[in-house]
Amino acid sequence: MKLCIALDMPNKKDNLTLLSNLKTSQEIWVKVGLRSFIRDGKEFLEQIKTINPFKIFLDLKLYDIPNTMGDSIDEIAKLGVDMITIHASSGREAMCEVTKRLQKVQNPPLVMAVTVLTSFQQESFFEIYHSNLETQVLEFAKMAYESGINGVVCSCLESRVIKEKINSHFLTLTPAIRPFGEDNGDQKRTATLQDAKAAMSDFIVVGRPIYKASNPQEVIDKILQAL
Ligand code: C5P
């Protein structure tokens, strides 16, 4: 299981300082999401690479028509990142298009399809999709697997079932981790490190519990030790 640190802070300097101060010999992934990428763009990715050979996860959660998804993937493939996200709800045709485009790329990034955001719970999800959340996560995961996608973003509550019912090698990435029971914030389907282990999650994403801590390095060390 790998740790992905979400670089969601209000400015580039703070994000870079967090990375510069990081002391670890273990493989660390860093997640550049919408906030940071919209503000700091491609240059930020280059700056991260100069600090350390971090694995970069560009979390833009693409959702569009198949041709636009494919064209965006062609552009993303030029950025030299290691993992990206799309929405499984963009559908089978769009996901197949993404797979097809990346087949032409040398060292393509891993593609993870978002199933149901971890900020949803049963009621809020039903209001939009009129279906059961767990059933839908599994449906999305199956569709993503059949479309040649590498794995899914889901909560720890669903990760194990996906591994069991779809394929044990199909990757799961689980956000909403509150390593030692920290504040949930807007997240609903949260989990601790123990839960993530039991769920056989391949990647855990941790944002606020690290960057809002008075000593982020201490939290990172504790997480890495527990992993
Ligand atoms: O601060 P926190 O640990 O809740 O951050 C979780 C990170 O994971 C955020 O950057 C959020 O955008 C991202 N994420 C998520 N749920 C998903 C996909 C990504 O929380 N389904």
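Treat the numbers as computed from the prediction; the structure is a model and nothing was measured.

**Details of the site of the ligand**
Neighbouring residues of the ligand: 15 residues in total, closest Asp8, Lys31, Arg178, Gln187 and Arg208. A distance of 2.8 Å separates an oxygen atom of the ligand from a polar atom in the side chain of arginine 178. One nitrogen or oxygen atom from the side chain of glutamine 187 is found 2.8 Å from an oxygen atom belonging to the ligand. Coverage of the ligand by the protein amounts to 87% of the 460 Å² it exposes when considered alone. Under a 2 Å grid-point criterion requiring more than half of the atoms, the pocket assigned to the ligand is the largest pocket. For the shell around the ligand, the elements supplying multiple residues, two or more each, are strand 3 (55-62), strand 8 (203-206) and helix 9 (208-211). Along the lines of polarity and charge, the residues of the shell around the ligand split into 6 nonpolar, 3 polar and 6 charged.

**Side note on helix 1 (residues 12-20)**
It helps to recall that an α-helix has 3.6 residues per turn; residues three or four apart then point in one direction. The complete set of buried residues in helix 1 reads Asn15, Leu16, Leu18 and Leu19. One side of helix 1 carries all its buried residues, which in axial view fall inside an arc of 155 degrees. Where helix 1 starts, the residue carrying a side-chain oxygen 3.2 Å from the main-chain nitrogen of lysine 13 turns out to be asparagine 11.

**Some points on the UniProt feature "active site" (unreviewed entry) in the protein chain**
The UniProt record marks Asp59, Lys61 and Asp64 with the feature "active site" (unreviewed entry), using the residue numbering of this structure. Of the annotated set, the members that line the largest pocket are Asp59 and Lys61. You can see aspartate 59 is positioned in strand 3. In this view, aspartate 59 contacts Lys31, Val32, Gly33, Leu34 and Thr85; residues no more than four positions away in its chain are not counted. At 2.6 Å, the side chain of aspartate 59 and the side chain of lysine 31 are in polar contact. Within the secondary structure, aspartate 64 is located in the loop between strand 3 and helix 3 (66-76). Setting aside its immediate chain neighbours within four residues, aspartate 64 contacts Met69, Ser90 and Ala94.

**Focus: the sheet that holds strand 3**
Strand order in the closed barrel made by the 8 strands is 1-2-3-4-5-6-7-8, with parallel pairing throughout. Taken over all neighbouring pairs, the strand axes of this sheet differ in orientation by 25 degrees on average, direction set aside. Together, strand 2 (28-32) and strand 3 form the strand contacts of helix 2 (residues 34-51), whose direction differs from that of strand 3 by roughly 155 degrees.

**Points about the side chain of aspartate 40**
As for its placement among the helices and strands, aspartate 40 is situated in helix 2. Of the residues examined, aspartate 40 reaches a relative accessible area of 14% and is grouped as buried. Looking at aspartate 40, its side chain comes within polar contact range of the side chain of arginine 39, at 3.0 Å.

**Comments concerning unusual backbone geometry**
With a phi close to 65 degrees, alanine 176 is a non-glycine residue in the positive phi region. In this fold, alanine 176 is placed in the loop between strand 7 (171-174) and helix 8 (193-198).

**Remarks on the layout of surface pockets**
Here the largest pocket defines a volume of roughly 580 Å³. Together, 29 residues line the largest pocket, and Asp8, Lys31, Asp59, Lys61 and Gln187 are the ones closest to its centre. Only helix 2, strand 3, strand 8 and helix 9 provide two or more residues apiece to the lining of the largest pocket. Its boundaries defined by the atoms lining it, the second largest pocket holds a volume of some 190 Å³. Lining the second largest pocket we find 13 residues, and of these Glu182, Arg208, Pro209, Lys212 and Ala213 sit closest to its centre. For the lining of the second largest pocket, the secondary-structure elements that each account for two or more residues are helix 9 and helix 10 (216-226). Among the elements that take part in the lining of the second largest pocket, helix 10 stands out by supplying 3 residues, more than any other. Residues that form the lining of the second largest pocket fall into these classes: 4 nonpolar, 2 polar and 7 charged.

**Focus on the pattern of salt bridges**
Scanning the model with the defined rule gives 17 salt bridges in all. Within the structure, one salt-bridge network assembled from shared partners comprises Asp71, Asp74, Glu97, Lys100 and Arg101.

Calculation rules
Here, residues in each chain are numbered from 1, in the same order as that chain's written sequence. This being a predicted model, a pLDDT of at least 70 is required before a residue's local features are given, and a value of 80 or more before pairs of side-chain atoms are given or counted; all residues contribute to the totals for chains, interfaces and linings. The basis for every side-chain value is the complete set of heavy atoms in the structure, and neither hydrogens nor water enter the calculation. The nearness test applies per residue and asks whether one of its heavy atoms lies within 4 Å of the molecule or strand. Any N or O atom pair separated by 3.5 Å or less is treated as a polar contact, with the protein-specific requirement of one donor-capable and one acceptor-capable atom, and with residues adjacent in sequence counted only for side-chain atom pairs. Per-residue and other accessible areas follow the Shrake-Rupley method at a 1.4 Å probe size, with only the shown protein chains counted as cover for residues. Using protein atoms alone on a 1 Å grid, points that fit a 1.4 Å probe yet trap it form a cavity, whereas open point sets bounded by protein on both sides within 12 Å along at least five of seven lines form a pocket; residues with an atom within 4 Å of a point count as lining. If over half the atoms of a molecule are within 2 Å of the grid points of a cavity or pocket, the molecule is regarded as sitting in it. Put simply, DSSP H or I for four residues or longer makes a helix, DSSP E for two residues or longer makes a strand, and each gets a number counted from the N terminus. Under the scheme applied here, ten amino acids are nonpolar (Ala, Val, Leu, Ile, Met, Phe, Trp, Tyr, Cys and Pro), four are charged (Asp, Glu, Lys and Arg), and all others, including Gly, are polar. Each residue is assigned to one of three classes by its accessible area relative to the maximum for its type, calculated with a 1.4 Å probe on protein chains only: buried under 20%, partly exposed between the two thresholds, exposed over 50%. Comment: arc refers to directions from the helix axis out to C-beta atoms. UniProt positions are given in the numbering used here, feature names are shortened, and annotations may be inferred rather than shown by experiment. In what follows, a contact means two residues having at least one pair of non-hydrogen atoms within 4.5 Å. DSSP bridges decide pairing: two strands pair if at least two such bridges lie between them. Here the axes come from fitting lines to C-alpha atoms, over the contacting stretch only for helices, and the angles between their N-to-C directions go from 0 to 180 degrees. Grid points are joined across faces, edges and corners, and a volume is the space filled by probe spheres set on the points. One side-chain nitrogen of Lys or Arg within 4 Å of one carboxyl oxygen of Asp or Glu is enough to make a salt bridge.

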